[in-house]
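Working through the structure, step by step
Here is what each chain is made of, one letter per residue.
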Number of protein chains: 2
Amino acid sequence: MKRSFQIDMPKVETFNRELVIKHATGVFHDKGYNAASMQDLVDATGLNRSSIYNSFGSKLDLFLLCLKSYQYGFHKKTTAVLLDADNAINAIESLFYMYMDIMLKDNNDRGCLITNCVSEMANHDEKITSFLKQNQSSMLDFMEALVKKGQLNNNINTNKTANEYALYLFSSLQGFRMTGILVQNKKHLTSIIKTILQTLN
Amino acid sequence: MKRSFQIDMPKVETFNRELVIKHATGVFHDKGYNAASMQDLVDATGLNRSSIYNSFGSKLDLFLLCLKSYQYGFHKKTTAVLLDADNAINAIESLFYMYMDIMLKDNNDRGCLITNCVSEMANHDEKITSFLKQNQSSMLDFMEALVKKGQLNNNINTNKTANEYALYLFSSLQGFRMTGILVQNKKHLTSIIKTILQTLN
DNA sequence: TTAATTTTGAAACGTTCATTTCAAATAGAT
DNA sequence: ATCTATTTGAAATGAACGTTTCAAAATTAA
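Residues numbered from 1 in each chain as written. Chains lettered and ligands numbered in written order. Predicted model: local features only at pLDDT ≥ 70, side-chain atom pairs only at ≥ 80, totals over all residues. Heavy atoms only, no water.

Comments concerning the packing of aromatic side chains
Residues and elements named next belong to chain A. This model, assessed by the stated rule, comprises twelve aromatic pairs over all chains. Relative to Phe56, the ring of Phe15 lies with its centre 6.1 Å away and its plane at 35°, an arrangement referred to as tilted. Taken together, the residues span a long stretch of sequence, with Phe15 in the segment before helix 1 (17-31) and Phe56 in helix 3 (residues 49-56) at a distance of 41 residues. The residues Phe15 and Phe56 share a single accessibility class, namely buried. (Phe/Tyr/Trp six-rings, centres within 6.5 Å; stacked < 30°, edge-to-face > 60°. Helix = DSSP H or I, 4+ residues; strand = E, 2+ residues; numbered from the N terminus. Buried < 20%, exposed > 50% of the residue type's maximum accessible area, 1.4 Å probe, protein only.)

Right under this line is the structure:
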């Protein structure tokens, strides 16, 4: 990592870092952290064992990068959805539908990488737990801002505070993602979304 | 397993089968399936390696027994809660509070063993997936019957069918259990429960 | 071309994994 | 006491694990 301090810059990384992380993310997403072996990652990325360690540190370090990349991917998709929506309730609804599309795309959905990570690793590794808490916190902030806007524009009722609805939506979204792993039925999933949102109207 | 066909019945199992499964369940619940090693199970149960294989088959077989035992434990707790409740909406609420108590009891909740299993293993192993689907199906049936009763007694509104509310509650419960892993805050969890139930009134 | 630095490949590291093996100890039924 | 089937303990199995090592190949600035 002293590359920028060097005068010479011989042999530089040849592989596409983003692509490698994308492939690694696929492995972790499909198998989970513990069941994903270094050999799986070697096979999926096309990189050599030692190259992975050279460039990414350890399996856990690589996993953390995948989590962050996944989080960023969500962030990008989300802002795209939000720009399209004319009001808060539609934005939230579109968000759920965006997830549903992802869930139904693969025949065997493996759920949300981050939610799976909560289930598999929360309160075990410190770095992971710290990431998960930060992720949760930013998700809640995001939801709260969205609800607050909806309440100001009278799209969302004020039976509960924005903070309370944010917690509810956060919890509901996790449940929805979990449910979709086994319920691969568009009608059922749509019904769940409608019922989740019913209380906000 | 030909024991019952034998005339003689020498040396019989000495350990308490239920207790062994309870201890094994603790390990699986804490670490997840993949991260739980046979050594962990040997340590936790006090049984010898070979005794575990003799009496329970494989690690996966033992895990399946733990899942079933966990499911049965839920069933027992649930029926106790239901007998105490005077109406369906109270029953559902008590159910969520029952979960909350479990979640707050341990400082570091590890979520629901079965939900974690969905996240870690669904759509991988056939036996596991079959168990999970059966569990989901019976949970949905249970919820639907409860909601139907509530709707008959005018405790639960008929904006949605009992089947739709069952799906919603099932999804919500999973989300609630996931959320509780990182949100160890009674006020927040209580708020989530209230918001989940608001739509049924 | 040379010097500098990284990637690469292949092998090996020591550990841990789930599972098996088997002789010895054990205990119920006769 | 004897027979019979099972549990038990300890060791061993081979495979897979994450990680390290290191010489050779590769690449680029000078």
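Notes on the relation of the copies chain B and chain A
Mapping chain B onto chain A leaves a residual RMSD of 0.0 Å; the transformation is a rotation of 180° accompanied by 0.0 Å of translation along its axis. Look at the turn and shift together and you get a two-fold axis relating the two. Considering only C-alpha atoms, the part of chain B nearest the rotation axis is Gly175 of chain B, at 1.7 Å. A high fraction, 100%, of the interface residues of chain B reappear at the interface in chain A, so the copies pair face to face through one surface. (Least-squares fit on C-alpha atoms with pLDDT ≥ 70 in both. Contact = heavy atoms within 4.5 Å.)

Some details on helix 4 (residues 59-84) of chain B
All names here are of chain B. End to end, helix 4 covers 38 Å across 26 residues, agreeing with the expected 38 Å (1.5 Å per residue, within 8%). For helix 4, the set of buried residues is Lys59, Leu60, Leu62, Phe63, Leu64, Cys66, Leu67, Gln71, Phe74, Thr78 and Val81. Elements in contact with the buried residues of helix 4: helix 1 (17-31), helix 2 (38-45), helix 3 (49-56), helix 5 (88-105), helix 6 (113-121) and helix 7 (126-152). (Expected span 1.5 Å × (residues − 1).)

Remarks on the interface of chain B and chain A
For interface size, the figure often reported is the accessible area lost on association. Listed as interface residues are 45 residues of chain B and, on the opposing side, 45 residues of chain A. The junction of chain B with chain A conceals about 3900 Å² of combined surface from both sides, 55% of it contributed by carbon and sulfur atoms. The interface formed by chain B and chain A contains zero salt bridges. Between chain B and chain A we count 25 residue pairs in polar contact (both at pLDDT 80 or more) in total. Elements with a minimum of two residues in the side of chain B that touches chain A: helix 1, helix 6, helix 7, helix 8 (162-182) and helix 9 (186-198) of chain B. Per-element tally for the side of chain B that touches chain A: the top contributor is helix 8 of chain B, with 14 residues. Residue classes in the side of chain B that touches chain A are distributed as 16 nonpolar, 20 polar and nine charged. (Buried area = accessible area lost by both parts, 1.4 Å probe. Salt bridge = Lys/Arg side-chain N within 4 Å of Asp/Glu carboxyl O. Polar contact = N/O pair within 3.5 Å; in protein donor to acceptor, adjacent residues only side chain to side chain. Nonpolar A, V, L, I, M, F, W, Y, C, P; charged D, E, K, R; others polar.)

Some remarks on the nonpolar core
By size, the foremost hydrophobic cluster in this structure holds 70 residues, and its most contacted members are Ile92, Leu169 and Phe176 of chain A together with Ile92, Leu169 and Phe176 of chain B. Residues within four places of Leu169 of chain A in sequence aside, it is in contact with Ile92, Phe96, Met143, Val147, Ile196, Leu197 and Leu200 of chain A. Core analysis: the second largest hydrophobic core is formed by 66 residues, Ala24 and Ile52 of chain A together with Val27 and Ile128 of chain B among them. (Core = buried A, V, L, I, M, F, W, Y, C linked by side-chain atoms within 4.5 Å.)

As for the environment of Ser58 of chain A
Residues and elements named next belong to chain A. Of note, Ser58 is situated in the loop between helix 3 and helix 4 (59-84). For Ser58, a relative accessible area of 27% gives the class partly exposed. Put simply, Ser58 and Asn107 are 49 residues apart on the chain and 31 Å apart in space, counted from C-alpha to C-alpha. In this structure the side chain of Ser58 is engaged in a polar contact, spanning 3.2 Å, whose partner is the backbone nitrogen of Asp61.

Digging into the side chain of Asn157 of chain A
All names here are of chain A. Residue placement: Asn157 occurs in the loop between helix 7 (126-152) and helix 8 (162-182). Taking relative accessible area as the criterion, Asn157 reaches 15% and is therefore assigned buried. At 2.9 Å, the side chain of Asn157 and the backbone oxygen of Thr199 are in polar contact. Contact partners of Asn157, with chain neighbours within four places excluded, come to Gln151, Tyr165, Thr199, Leu200 and Asn201.

Side note on unusual backbone geometry
All names here are of chain A. Positive phi values are uncommon outside glycine, yet Asn123 reaches one of about 65°. Within the secondary structure layout, Asn123 lies in the loop between helix 6 (113-121) and helix 7. A residue is classified by how much of its surface remains accessible, and Asn123, at 22% relative accessible area, is partly exposed.

Some points on the environment of Thr78 of chain A
All names here are of chain A. Looking at the secondary structure, you find Thr78 in helix 4. Given the relative accessible area of 2%, Thr78 is considered buried. Along the chain, Thr78 and Tyr97 lie 19 residues apart, while their C-alpha atoms are 11 Å from each other. Ignoring sequence-local partners within four residues, the contact set of Thr78 consists of Leu95, Met98 and Phe142. Here the side chain of Thr78 touches Phe74 through a polar contact of 2.7 Å, landing on its backbone oxygen.

Focus: the packing of helix 8 of chain B against helix 9 of chain B
Residue and element names in this part refer to chain B. Between helix 8 and helix 9, whose axes approach to 11 Å, the crossing angle comes to 170°. Classified by the angle their axes make, helix 8 and helix 9 are roughly antiparallel. On the side of helix 8, the interface is formed by Tyr168, Leu169, Ser172, Phe176, Thr179 and Gly180, while helix 9 contributes Leu189, Ile192, Ile193, Thr195, Ile196 and Leu197. Across the contact of helix 8 with helix 9, the residue classes break down as eight nonpolar, four polar and no charged. (Axes fitted to C-alpha atoms, helices over the stretch in contact; angles between N-to-C directions. Parallel < 35°, antiparallel > 145°, perpendicular 65-115°, else oblique.)

So, the side chain of Asn116 of chain A
Assignment of secondary structure puts Asn116 of chain A in helix 6. Engagement of the side chain of Asn116 of chain A in a polar contact is seen with the backbone oxygen of Arg110 of chain A, the distance being 2.6 Å. A distance of 3.0 Å separates a polar atom in the side chain of Asn116 of chain A from a polar atom in the side chain of Ser119 of chain B. Residues in contact with Asn116 of chain A, not counting those within four places in the same chain, are His29, Arg110, Gly111 and Ile181 of chain A together with Ser119 of chain B.

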